[in-house]
Amino acid sequence: MASYTLDTDIQSSTLYLDSTNCVSRSPTYSYALSSPVRCPTAARMLVSIIGMTLPNVIANITENNNKLSFQILTSTGVSVLIYTITFPVGIYSAWTFRDYINGQTVAPANSVSCVYDEKTFRFSFVSTFRFQVFNNDLRPTTCGAIIGAGKTDKNEYDYPIVYSSSPAYTVYMPSTVNFIPTPYIFLKINNFNLSNINSVGVINNTFVRIPVNANYGEIINYRPPEVNKFLINRSSINSIDLSLEDYLNNPLAIDSGVELQVIMKFEYINIPEAPRYDLGTIQHYFKENPIKATEDDDGDGLGDV
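Residues numbered from 1 in each chain as written. Predicted model: local features only at pLDDT ≥ 70, side-chain atom pairs only at ≥ 80, totals over all residues. Heavy atoms only, no water.

A. The arrangement of the sheet that holds strand β4 (residues 67–73) in detail. Across the sheet, which stays open at both edges, the four strands sit in the order β5-β4-β8-β9 with antiparallel pairing between neighbours. Across the chains shown, the open sheet's two edge strands, defined by having one partner strand only, are β5 (79–86) and β9 (161–162). With two bridges joining them, strand β8 (residues 130–134) and β9 adopt antiparallel strand pairing. Within the sheet, the bridge partner assigned to Gln132 lies in β9 and is Val162. (Pairing = 2+ DSSP bridges. Helix = DSSP H or I, 4+ residues; strand = E, 2+ residues; numbered from the N terminus.)

Printed below as a string of structure tokens:
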């Protein structure tokens, strides 16, 4: 984060955004400002987020992680049948997730039952058939983090997860369950060009990363201990577009009626002097100390006569 000195007499501005007043909620929270935020041409604007509140009613089972596939096998390991259970989007616990699997009554979805061990926080799956947890493009398992699937050294979920023959045909999950929908929220602003980089090296328009610091049903309350200020080259702002994403950069899974509040602060500085990035280099030295051209001596002798 750059450090800026507020060297103008322009009063800072605070913008209180409440989604109850936005003009559109999808695909972004869009706000139309009747009084634009303005910046004189001789100054530059610093923008920061100093507060955000959002109810923690984020769904942990979404369209991106709601599929679980099983493959039924013969005694020689040949596939007999592959089927997929698709969970309705919503908020699940380990118990309700287990109960949904065990509540299937129509074949073949009733071929496998789920057991949750409250001491180890792990799932296991049991069947009277030889089977395994399966994944491919046609029959995917997208809930690997939820059910506790293991990962390879290349950071990919390791499928298939094969049954053990004791005490019955049982698949023991290698890791604990994880029903946290997302550990943090990316707040993005589409009006400005930002240079923030995510963990795969992609530059995106993320403004702040907000930790989910509240239990289900409580209010996520974000007040940054250190405010990140971004220098933007805009003379006027009359609209704001906000979007929320989870840690996998998917749109945050919240209902359409959930309200978002964001507090933005605008401060002003004089146009900063252009930085001298070549300071200390040979190019900078010769720029500051050019070599003066001299005339050639046409005399035949070694000195003046």
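Still more to cover.
B. Highlighting the pattern of salt bridges. Tallying each qualifying case throughout the model produces five salt bridges. Linking Lys229 and Glu267 is a salt bridge whose minimum nitrogen-to-oxygen distance equals 3.1 Å. A residue pair is termed long-range when its members are at least 10 positions apart, and Lys229 in the loop between β15 (219–222) and β16 (230–232) and Glu267 in strand β18 (residues 261–270) qualify at 38 residues. Ionic pairing is found between Glu267 and Lys265, a salt bridge with its closest N-O pair at 3.8 Å. One network of salt bridges, with partners in common, ties together Lys229, Lys265 and Glu267. (Salt bridge = Lys/Arg side-chain N within 4 Å of Asp/Glu carboxyl O.)

C. The layout of surface pockets, seen in detail. Computed from the structure, the largest pocket encloses a volume of approximately 540 Å³. What lines the largest pocket is a set of 27 residues, and nearest its centre among them are Thr142, Ala145, Tyr157, Tyr247 and Leu248. Taken together, the residues that form the lining of the largest pocket break down as 14 nonpolar, 11 polar and two charged. (1 Å grid on protein atoms, 1.4 Å probe; cavity = no way out; pocket = protein on both sides within 12 Å on 5 of 7 lines; lining within 4 Å. Points joined across faces, edges and corners; volume = space filled by probe spheres on them. Nonpolar A, V, L, I, M, F, W, Y, C, P; charged D, E, K, R; others polar.)

Structural measurements only, silent on function.
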